[in-house]
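Here's the letter readout for the chains.
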Amino acid sequence: MGLIGSLYRSSVGKKSIMAASGLLLSLFLLTHMLGNSVSFLGRNAFNTYAERLHSLGVLVYIFEIGLLTLFLIHIITGIILYLENLQARPARYSVNTSEGGRSWGSRTMPYTGVIILIFIIVHLMNFHFTDKSVPVADLVRELLSSPSLAFFYIFSLVALALHLSHGFWSLFQSIGFNHEKYNPLLMKGALVFSILMGTVFILIPVLTLVSRSFLL
Ligand code: HEM
């Protein structure tokens with residue numbers, strides 16, 4: 001409790017917790033994105049992939065508990081930091097510029113964070129707390145061929161890409177990596193990573209809506 005307590009007492013400590021949990025969540029997202037891209041190989045490949053995952057049994061539960069813990073740590077610490085920032089700046093600036101190091105990307109973090117949270121709740125209801133005997137390809141087609149749900153997914157995934165683009169950049173700032181020479185490269189890397197993630201995820205609802213043969 002000592003280390004966790006002292007981390008939570010300082011703003012730098014809380015930012016490090018955000019960075020570490022954000023990095024691990026991004027690794028989950030990367031594997032989930034790679035797993036989802038199996039859907040581009042056709043329904044049989046996608047269903048076989050999902051069945052193999054389920055056959056891992058107890059390991060899946062352990063992984064899920066770890067993932068839930070990470071999400072909770074990231075959300076709760078984010079809320080604490082947001083409230084502390086509000087207290088530190090009681091009077092809102094009248095001019096809406098990014099002076100003082102607060103960029104547009106960083107200002108939208110709490111909002112994109114809330115959109116992602118709502119998305120995850122809806123997404124788990126859609127795909128996790130569901131009848132596991134239905135082949136995953138059928139589930140994706142059945143749900144995402146509804147335009148309203150598909151557009152909700154696309155909107156949330158754009159918010160996710162925006163959140164990742166800033167989050168990935170600030171992650172390196174939080175661990176103290178701030179080098180004039182490498183900063184532009186890091187910024188580009190964060191942008192490429194978030195656009196790649198967003199695009200691959202978004203292709204699934206888009207293909208379900210527009211393609212007659214996707215996952216059929
Ligand atoms: C179009 C985009 C996405 C599709 C089609 C998709 C599809 C799926 C499917 C089919 C499952 C169930 C896997 C199974 O148990 O067989 C799943 C689980 C999950 N997804 Fe997604 N996903 C998408 C995007 C996302 C995003 C952006 C996030 C996070 C921000 C996310 C978080 C999760 C989580 C936390 C689970 C539960 C993991 C588990 O039960 O072990 N997904 N997703």
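Reading the values: rules and limits
Residues numbered from 1 in each chain as written. Predicted model: local features only at pLDDT ≥ 70, side-chain atom pairs only at ≥ 80, totals over all residues. Helix = DSSP H or I, 4+ residues; strand = E, 2+ residues; numbered from the N terminus. Buried ≥ 20, exposed ≤ 12 C-beta atoms within 10 Å, placed from the backbone. Contact = placed C-beta atoms within 7 Å. Core = buried A, V, L, I, M, F, W, Y, C linked by C-beta atoms within 7 Å. Near = placed C-beta within 6 Å. Nonpolar A, V, L, I, M, F, W, Y, C, P; charged D, E, K, R; others polar. Axes fitted to C-alpha atoms, helices over the stretch in contact; angles between N-to-C directions. Left-handed = near helix turned anticlockwise from the far one by under 90°. Parallel < 35°, antiparallel > 145°, perpendicular 65-115°, else oblique.

Enquirer: Give a description of the overall build of the protein chain that names residues and reports values.
Expert: For the protein chain, the helix and strand inventory stands at nine helices and zero strands. Each principal axis of the C-alpha distribution contributes one length, and for the protein chain these read about 55 × 40 × 35 Å. Expressed as a percentage of the 216 residues in the protein chain, the buried residues total 20%. Considering only contacts within the protein chain whose residues lie at least 6 apart along the sequence, 80% involve residues at least 24 apart.

Enquirer: If you had to explain the nonpolar core to someone new, which residues and values would you point to?
Expert: Membership of the largest hydrophobic core comes to 27 residues, with the highest contact counts inside it found for V140, L160 and A161. Every element with two or more residues in this core is listed here: α2 (11–36), α3 (43–54), α7 (136–144), α8 (147–174) and α9 (183–210). Looking at this core, the element that brings in the most residues is α8, giving 11 residues. The residues contacting A161, other than those within four sequence positions of it, are S194, I195, M197 and G198.

Enquirer: Could you give an account of the site of the ligand, naming the residues involved and the relevant values?
Expert: Inspection of the region around the ligand gives 21 residues, with A50, E64, F127, F201 and I204 positioned closest. Mapped onto the shell around the ligand, the elements with two or more residues apiece are α2, α3, α4 (58–88), α6 (109–127), α7, α8 and α9. Here the shell around the ligand gets four residues from one element, more than from any other, and that element is α6. For the shell around the ligand, a count of residues per class yields 16 nonpolar, four polar and one charged.

Enquirer: Please set out the packing of α2 against α4 residue by residue, giving values where relevant.
Expert: In contact at an axis separation of 9 Å, α2 and α4 are set at 145 degrees when each is read in the N-to-C sense. Here the hand of the crossing between α2 and α4 comes out left-handed. For the pair α2 and α4, the contacting residues are S11, K14, I17, M18, S21, G22, L24, L25 and F28 in the first and L67, L70, F71, I73, H74, T77, G78, I80, L81 and E84 in the second. Its residues assigned to classes, the contact of α2 with α4 shows 11 nonpolar, six polar and two charged.

Enquirer: Please provide a residue-by-residue account of the packing of α7 against α9, values included.
Expert: One way to put it is that α7 packs onto α9 with a least axis distance of 9 Å and a crossing angle of 75 degrees. Classified by the interaxial angle, the pair formed by α7 and α9 is roughly perpendicular. On α9, the residues that touch V140, R141 and L144 of α7 are I204, P205 and T208.

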